[in-house]
Each structure stands twice: as C-alpha cells, then as structure tokens.
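What the coordinates show
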There are 2 protein chains.
Amino acid sequence: MTSWALGIDLGGTAVKIAVIDREEGLLAHERHPTESQEGPEGVVSQIAGLAQSFHARFAPRLGAERFAGLGLGAPGAVDREKGMLSYPPNLPGWKRFPLEERLLETLDARYGLRCPLEIDNDANAAAYGEAVFGAGKGYRDFMLVTLGTGVGGGIILDRRLYRGPNGTAGEIGYLTVDYAGESVHAGIRGTVESLIGKKGIVSMGKEIYRRYPRTLWNEDMHGEDLQDLSPRTLEKAAHGGDAVALEVWERIGSVLGVGLAGVVALMDIRTFIIGGGISGAGDLVFAPAFRQLKHSTLPSMHEGMAVVPAALGNEAGVYGAAALCFSSLP
Amino acid sequence: MTSWALGIDLGGTAVKIAVIDREEGLLAHERHPTESQEGPEGVVSQIAGLAQSFHARFAPRLGAERFAGLGLGAPGAVDREKGMLSYPPNLPGWKRFPLEERLLETLDARYGLRCPLEIDNDANAAAYGEAVFGAGKGYRDFMLVTLGTGVGGGIILDRRLYRGPNGTAGEIGYLTVDYAGESVHAGIRGTVESLIGKKGIVSMGKEIYRRYPRTLWNEDMHGEDLQDLSPRTLEKAAHGGDAVALEVWERIGSVLGVGLAGVVALMDIRTFIIGGGISGAGDLVFAPAFRQLKHSTLPSMHEGMAVVPAALGNEAGVYGAAALCFSSLP
C-alpha cells in the first residue's frame, strides 16, 4: 500500500507546504509568508497550524492510516538527534531552538495530532527530494548544488543523505577556491559563495563591465544602469549577444566547475545536479562549469561525470522533506 | 582468540612487509627495493615470495589457524571489487593490472598458500593503520593527510574507510585552492599538491628567498646554495631563526589549512592527522595550518577541531594493510 506525507520548507521569507504521495508525487501545495516577527514560537504555531489544516483536508481523501508523517526542511544547522535548529540564517534571533520537541508538543496539545516528524537542513531536504522525485532518480551518488542568493549543497551517497558527523556536510558555498583573492563571504576568503553567490556575481559583473566602455550593456541596455546589474540582466545581455556578459558567465561557470572538482577530489562524487535561481541561466553556466570541471580533475576521473539541471525547482525542499518520512517507513 | 596478519606496502622504490598482531601490533618488518624492472609480474613474484617467507617463518610461532590473511596497499586507483590496480604512479608501464587475481594465483600455484587477500590504495591503508593502531585510535571520523613528494589523503568515517563510489576519494592533493594562481600539477591549476607538494615547496621557497637578498640563507647557510633549498634545509633555516624560512613555512601551513577547511565544508570532518616526511617540521607547519583552518571555516564548525601528528610514520601503510584483514574477520 502506498502512502502520503506532508512536506514543509521553512525559509526566512516563506513557509511552503505540500502534500506528497509516494507514487503520485505532489498533490497540492501552498506558500505563506513566514511569521517570523513572533520569533521561534510564532513560527512553530504557524507550521503546526498549516500541518493540521492540510492533514484535516487530505486525510479523509488519502486515508489517515496511510499518513507517513510530517517532514520539515529548515535553514541552518539541524541536529537530528537532539531535534535542535541552530542559528538559521534569515531567521534572526533564533539561536539554538528545540524545533522538533516544540513542534510535536504543539501539534499534540493544540490539535491532538500525533505523527512521525522528520527534520533536516533545507539543502539536505532538497537533495533528497531530487533523489526520490527529481533529476537524481537515476543516480546512486550525487551532489545537489543550489545557486541562489547563497550557494548551498546536499550530498546523496548510495541513495541516502550524507550529513556528516555533525550534520553540516555539503557546504560547497564555503569551499575556498581562491585563497589569495579579494572576495570574502562570512569572513572567509575566496569561497565559492564569495565569488558566485548573488552578491559575488554582481560585483564580479560590475568589475568586468567597468573595464569595457563599449559594450551592449553600456550602449544598448537603455534604461538599465550598470547599477541594476543582476544575474537576470546579465542573462538578458548574454542572450542579446553581449561578449562581456558571456565572459562573466564563463567565469561564473568556471568557479562552479572548480568547486565541483573539489568534490570529485575529496568525495569521489562525479554527478552534479544544479538548482536554484541562477541555474535558470542554463548553458550560460552549465557549459563552462562542465568544461572547467574536466580541466580541474584527472582524466582517470572523467568516467561517468555529469552536470545536469535540477528538476523540481523551488519545490525540491517540500518533496524532500516529505520523502524523509517515506524513507523512515519500515 | 586474537589473530595476526601480513601487511605489505607497495611503493615505487620499496616494498615493505610487516607481521602485525591484532593485540601486540608490529612484530617484525622488512624493506626491500621494488623489483619493478620486470614489470607487474615481477613485482607479483616478489610480493608472493615475501609473503610466503614471512608466513613460513611466523605461522609456527603465531599459529597458522590464527592467520587472518595478507593485506596490500598499492599506489594508484584500486578497484577492490575487481581487484584491479590502475596506473600506479612510480610504477611505469602497469596500466590496468589484475593484481588481486594474479597474486592469489601465484601464492597458490607456487607455494600452495591460500589465504584471504585485501588490497587497497596505499593512502587508504595508511589512514586505516592510523585508525586502528595510531593517532586515530580515539577518533570516529578523521582524515589522514600525508605531506611528502606528493600530498595524499585517506578518510575514516564512523571507524571505516570512506573510499567513495569509484574508490578514489580523499585526494586532497588535487583540491584546487588557488584557481587563479600560477602553480600547476598534473595539469590542474592551483591544487594543494601544486603548492605544497615537495616541488611546490621548493619553488615557493626559492621565489620568496629571491626577494630578500639579506637572509640567514644567503649569508649564513655556508655551503648550501639556494639551489639546494629543500623542505629539510628550509626546516634547518627556520630553526636557525631565519625570518624568511619562517614565512615560507607560514605559507605552507596556510595552504594546508585552506585545504583542510575544504574538507570541513564538504564532508564535515573536523579531525586531521598529518603524516609524511614534511610533517616532521612539526609546529612550523602545524601551527599555521591550524590557525588558517580556523580562519577558513565558520566559528560554528570549530567545536572538536583538531590537527594532530600521525603516529606510525612510514609504517602506517603496513599496519593498515594488515588491519584490513582483521576488519574483514567475522
């Protein structure tokens, strides 16, 4: 008998919730602004309320006895043993919070809802979502890399999440590839995120454009100042044939490829699934990334190498959170 | 009942063999020049002969029924499933060779010796040796990094070797930390080995010394030309108080620290055991490495961080090769 679960993706600006059927995939989903102004307890209330309302709506149709549980992906470091969430970025003031315990208590005390609860880091949840329902279905081992405001990652080894001894594995954004360079993020020099996180892309782009007074950007991007340079406008300029924009994407892809090569060297993982908003630029970033990945690895390690786009977009997190409940089924 | 095994470390210049008792540790060891001029079959003959002679000498004393088997660490990529050794560096002309099959056949056909045989990459064997008998005894998870002619590594996760999906994990020497730099090794730019492998250290040292005409090296290292700069002479100069030599070691340690930080970011491993000839420089390299490791990681990941010297020196490989046989015991 198949089963269904609720998946929640907790972010700094939005809480996403979805009903995921093990066989059918996503049946329904909603997105709500995160009620973070009330602090952790306010967010716990919000999550519990959403879970209760979705459970009440779908249990009659899908079967309460088939309900596998509630999965939750959260930003920051998640200690799964203790159920603690530590210092989630974009949720200021949380520090260390016993998320699992408080959520179980609230669901039970307020709604009489007792169910299995799985919590994990959001990037891990997204990687697991791609593994079970998305671009990772055919791979035994891969790393999901998300290119967005930040650069994050989740690792699947032998079809299971690799979380590391302390639960903080997969942080490719913090990998240093340019230790002698100028870029800094979170106090660390030359990391992948310092170079090709959204801020890094914008400053890299502006720096390169300033060197070329005659470009499509400067001449034809009417109404768009260089101050408005963003991954999106860079994409537009590149599709318009601007050689400088193409050069910027070449560099973005190269930095990504060097970072992926580090994963090959250390972990012997050769498949990479790339998601996040920036990955929407497609071959502008995939082509140079793959080229650089090959340049920065030994030829003997090229067999089976692949860089492919993620398939679940922004829903990878809710898919994966729900899938965590399926994986803990007997 | 305890048991014993034979451990062999196959290198380009020497074959080391040791008798390892599970409880007592190393009981005997020998080192022989590698008979590589005869190609793979010659080396197989040599290894089989050594194994037979050690087995014949020690089985009467230690008990043939307590013999756990023969473990072999080899350079290059080892496919444990197929028993294949591929392109071992320093053993030119080997290409892909069915080492396990040929060795088992030779032991049986020539000596009637049938025993369990475990083969693995030499860096993996060394890491396992440190885990079971050396500096890694107290750690559940760690990486062994060997600093020598090359920079290699082996990873222990949850007290077992992490080999990766294709058996090539732990290659920290191929991790790129300076993608925009000048140094290149094995065709890859800015890798840890390109910077602080033996050749990298020598060229980094010479480059820095050339900028400072008045140094201990130039004035007091009578009889030692800058052409003779090596890790050993650099150590001597640093112990003599030469500020430039200290600066070179500071850089060597920093590069190592940046590389280790990459392991923390991707794998969430926080304990590092450092071996190999260059690690003999002690705090000259350990102190800056630890400092840089902390600079290049998030403060939230500093808990439990450690960089410690290896304990088994050049014997780590034979210890670990033998220990592979113990671990496969029921």
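Residues numbered from 1 in each chain as written. Chains lettered and ligands numbered in written order. Predicted model: local features only at pLDDT ≥ 70, side-chain atom pairs only at ≥ 80, totals over all residues. Heavy atoms only, no water.

Some words on the relation of the copies chain B and chain A
Where we set the bar: The fit set for superposing copies consists of C-alpha atoms from residues with pLDDT of at least 70 in both; the fit itself is least squares. It only takes one pair of heavy atoms within 4.5 Å for two residues to be counted as in contact.
In screw terms, the move from chain B to chain A is a rotation of 180° and a rise of 0.0 Å along the axis, fitting with an RMSD of 0.0 Å. In the structure described here, the two chain copies are related by an operation that fits a two-fold rotation axis. A shared binding surface is used by both copies, with 100% of the interface residues of chain B retained as interface residues in chain A.

Quick look at the side chain of S183 of chain B
This is how it is decided: Runs of H or I in DSSP of at least four residues are treated as helices and runs of E of at least two as strands, each being numbered from the N terminus. Whenever two N or O atoms come within 3.5 Å, that pair is a polar contact, provided that in protein one can donate a hydrogen and the other can accept it, and provided that, for residues adjacent in sequence, both atoms are side-chain atoms.
Take S183 of chain B: it is sitting in the loop between β11 (160–162) and β12 (184–185). Only 2.8 Å separates the side chain of S183 of chain B from the side chain of S194 of chain B, close enough to count as a polar contact.

Quick look at the layout of surface pockets
All names here are of chain B. We count it as follows: For each structure, a 1 Å grid was placed over the protein atoms alone; sets of points admitting a 1.4 Å probe that cannot get out are labelled cavities, open sets with protein on both sides within 12 Å along at least five of seven lines are labelled pockets, and lining residues have an atom within 4 Å of a point. Grid points are joined across faces, edges and corners, and a volume is the space filled by probe spheres set on the points.
For the second largest pocket, the calculated volume is near 240 Å³. Lining the second largest pocket are T149, K198, S230, P231, R232, E235, W249, G277, I278, G280 and A281. Counting residues per element, the lining of the second largest pocket draws most heavily on helix α7 (residues 231–239), at three residues.

Quick notes on helix α1 (residues 39–62) of chain B
All names here are of chain B. Going by this rule: In this analysis, the expected span of each helix is defined as 1.5 Å times one less than the number of residues it contains. Think of it this way: the bend at a residue is just the angle between two axes, each fitted to seven residues, one set ending at that residue and the other starting at it.
Between its first and last C-alpha, α1 extends 33 Å over 24 residues, near the 34 Å set by a 1.5 Å rise per residue. Its axis deflected by about 30° at A56, α1 carries its strongest bend there, up to four residues before the proline P60. Count one or two residues on from α1 and you reach G63, which has phi positive near 100°.

So, the environment of G42 of chain B
The residue G42 of chain B is located in helix α1 in this model. Along the primary structure G42 of chain B and K206 of chain B are separated by 164 residues, whereas in three dimensions their C-alpha atoms are 40 Å apart.

Some details on the nonpolar core
In globular proteins that are soluble, nonpolar side chains generally tend to be buried together. Where we set the bar: For this analysis, a nonpolar core means a set of buried residues of the types Ala, Val, Leu, Ile, Met, Phe, Trp, Tyr and Cys, connected via side-chain atoms within 4.5 Å. A 1.4 Å probe rolled over the protein chains alone gives each residue an accessible area, and that area as a share of the maximum for its type sets the label: buried under 20%, exposed over 50%, partly exposed in between.
Ranked by size, the top nonpolar core spans 111 residues in total, and within it I196 and M267 of chain A together with I196, M267 and F272 of chain B carry the most contacts. Residues contacting M267 of chain A, with those up to four places away along its chain left out, are I155, L157 and Y162 of chain A together with Y162, G164, P165, A169, L266 and M267 of chain B.

Quick word on the interface of chain B and chain A
The extent of an interface is frequently quoted as the accessible surface area lost upon association of the parts. Condition: Each of two parts loses accessible area, computed with a 1.4 Å probe, when they are put together; buried area is these two losses added. Each residue is assigned to one of three groups, with Ala, Val, Leu, Ile, Met, Phe, Trp, Tyr, Cys and Pro labelled nonpolar, Asp, Glu, Lys and Arg labelled charged, and all others, Gly among them, labelled polar.
On the side of chain A, 41 residues touch chain B, which itself brings 41 residues to the contact. Overall, the association of chain B and chain A removes approximately 3,300 Å² of surface from exposure, summing both partners, and the carbon and sulfur fraction of that is 63%. Interface area lost by chain B to chain A is led by Y179, L266 and D268 of chain B, which between them contribute 22%. Between the two partners, chain B and chain A, sit 18 residue pairs in polar contact (both at pLDDT 80 or more). Listing elements by their share of the side of chain B that touches chain A, those giving two or more residues are β10 (151–157) and α8 (243–267) of chain B. For the side of chain B that touches chain A, the element with the most residues is α8 of chain B, which contributes seven residues. A class-by-class count of the residues in the side of chain B that touches chain A yields 23 nonpolar, 11 polar and seven charged.

Digging into the sheet that holds strand β3 (residues 25–33) of chain B
Residues and elements named next belong to chain B. Short version of the rule: Should DSSP find at least two bridges between two strands, the strands are regarded as paired. In this description, a line fitted to the C-alpha atoms serves as the axis of each element, helices being fitted only across the stretch in contact, and the angle between N-to-C directions of two axes falls anywhere from 0 to 180 degrees.
The strand order β3-β2-β1-β4-β8 describes an open sheet built from five strands, whose pairing is mixed. In this open sheet, the two strands that pair with only one neighbour each are β3 and β8 (117–121). This sheet shows a mean twist of 15° between the axes of neighbouring strands, independent of strand direction. Packed on one face of the sheet, α1 meets β1 (4–10), β2 (14–21), β3 and β4 (67–74) and runs near 155° to β1. This element, helix α3 (residues 122–133), spans β1, β2, β3, β4 and β8 of the sheet and lies at about 110° to β8.

Brief notes about the sheet that holds β11 of chain B
Residue and element names in this part refer to chain B. Taken in spatial order, the five strands line up as β11-β10-β9-β14-β15 in an open sheet, and their pairing is mixed. Every other strand in the sheet has two partners, leaving β11 and β15 (306–309) as the edge strands with one partner each. Going across the sheet, the axis of each strand differs from the next one's by a mean of 30°, ignoring polarity. Inspection of the sheet shows strand β14 (residues 271–275) paired to β15 by four bridges, in the parallel sense. The partner of T271 across the bridge, within β15, is A306.

Description of the pattern of salt bridges
Residues and elements named next belong to chain A. How we decide: Definition used for salt bridges: Asp or Glu carboxyl oxygen within 4 Å of a side-chain nitrogen of Lys or Arg.
Taken as a whole, this structure holds 30 salt bridges over all chains when the rule is applied. In this structure, E41 engages R102 in a salt bridge whose closest nitrogen and oxygen atoms are separated by 2.9 Å. Here E41 is found in helix α1 (residues 39–62), whereas its partner R102 is found in helix α2 (residues 99–111), with 61 residues between them in sequence. A salt bridge links E207 to R211, with the nearest nitrogen and oxygen atoms 2.9 Å apart.

Regarding the packing of helix α5 (residues 198–210) of chain A against helix α7 (residues 231–239) of chain A
Residue and element names in this part refer to chain A. Stated formally: What sets the label is the angle itself: under 35 degrees gives roughly parallel, over 145 gives roughly antiparallel, 65 to 115 gives roughly perpendicular, and the rest give oblique.
The interhelical angle for the contact between α5 and α7, taken along N-to-C directions, is 45°, at an axis separation of 10 Å. Judged by the inter-axis angle, α5 sits oblique to α7. Listed contacts from α7 to K198, I201, V202 and Y209 of α5 are P231, L234 and A237. In the contact of α5 with α7, the residues fall into six nonpolar, no polar and one charged.

As for the packing of aromatic side chains
Residues and elements named next belong to chain B. Here is the rule we go by: When the centres of two rings from Phe, Tyr and Trp lie within 6.5 Å, Trp using its six-membered ring, the rings pair. Their planes under 30 degrees apart give stacked, over 60 give edge-to-face, and anything left gives tilted. The criterion is that NZ of a Lys, or CZ of an Arg, lies within 6 Å of the ring centre and within 35 degrees of the ring normal, and then a charge sits over that ring.
Tallied over the entire structure, the rule returns eight aromatic pairs over all chains. Ring plane angle 45° and centroid distance 4.6 Å describe the contact between W4 and F67, whose orientation is recorded as tilted. Taken together, the residues span a long stretch of sequence, with W4 in strand β1 and F67 in strand β4 at a distance of 63 residues. With respect to burial, W4 and F67 carry one shared label: buried. Each ring, one from F54 and one from F58, has its centre 5.9 Å from the other, and the planes form 15°; the classification is stacked. Of this pair, F54 and F58 both sit in helix α1, four residues apart, which is roughly one turn of the helix. F58 matches F54 in its accessibility class, with the two residues each being buried. When the ring centre of F54 is taken as reference, the NZ or CZ atom of R57 above it lies at 4.7 Å.

Details of the packing of α1 of chain B against helix α2 (residues 99–111) of chain B
Residues and elements named next belong to chain B. The following threshold applies: Note on convention: the crossing is left-handed when the near helix lies turned anticlockwise from the far helix by less than a right angle, right-handed when the turn is clockwise.
α2 packs onto α1 with a crossing angle of 55° between their chain directions and a minimal axis gap of 9 Å. Relative to α2, the element α1 is oriented oblique. For the pair α1 and α2, the sense of crossing is right-handed. Of the residues in α2, those in contact with E41, V44, S45, I47, A48, G49, A51 and Q52 of α1 are L99, R102, L103, T106, L107, R110 and Y111. In terms of residue class, the contact of α1 with α2 is built from eight nonpolar, four polar and three charged.

A few points about the domain arrangement of chain A
Residues and elements named next belong to chain A. What counts is decided by this rule: For the domains described, the bounds stem from an automatic or database domain assignment.
According to the domain assignment, chain A contains domain 1 (4–128) and domain 2 (137–310). Opposite the nine residues of domain 1 that make contact, domain 2 presents 11 residues. Both sides together, the interface formed by domain 1 and domain 2 hides about 810 Å², and carbon and sulfur atoms give 58% of it. For the pair domain 1 and domain 2, the interface holds one salt bridge.

Re the confidence of the model for chain A
Atom-level detail of predicted coordinates should not be read off regions where pLDDT is low. To keep things clear, this is the line we draw: Values of pLDDT, which run from 0 to 100, indicate the predictor's confidence residue by residue.
In this model, chain A carries an average pLDDT of 93, and 96% of its residues clear a pLDDT of 70 or more. Averaged pLDDT values over the elements of chain A bottom out at 64 in helix α6 (residues 216–220) of chain A and peak at 98 in helix α9 (residues 283–295) of chain A.

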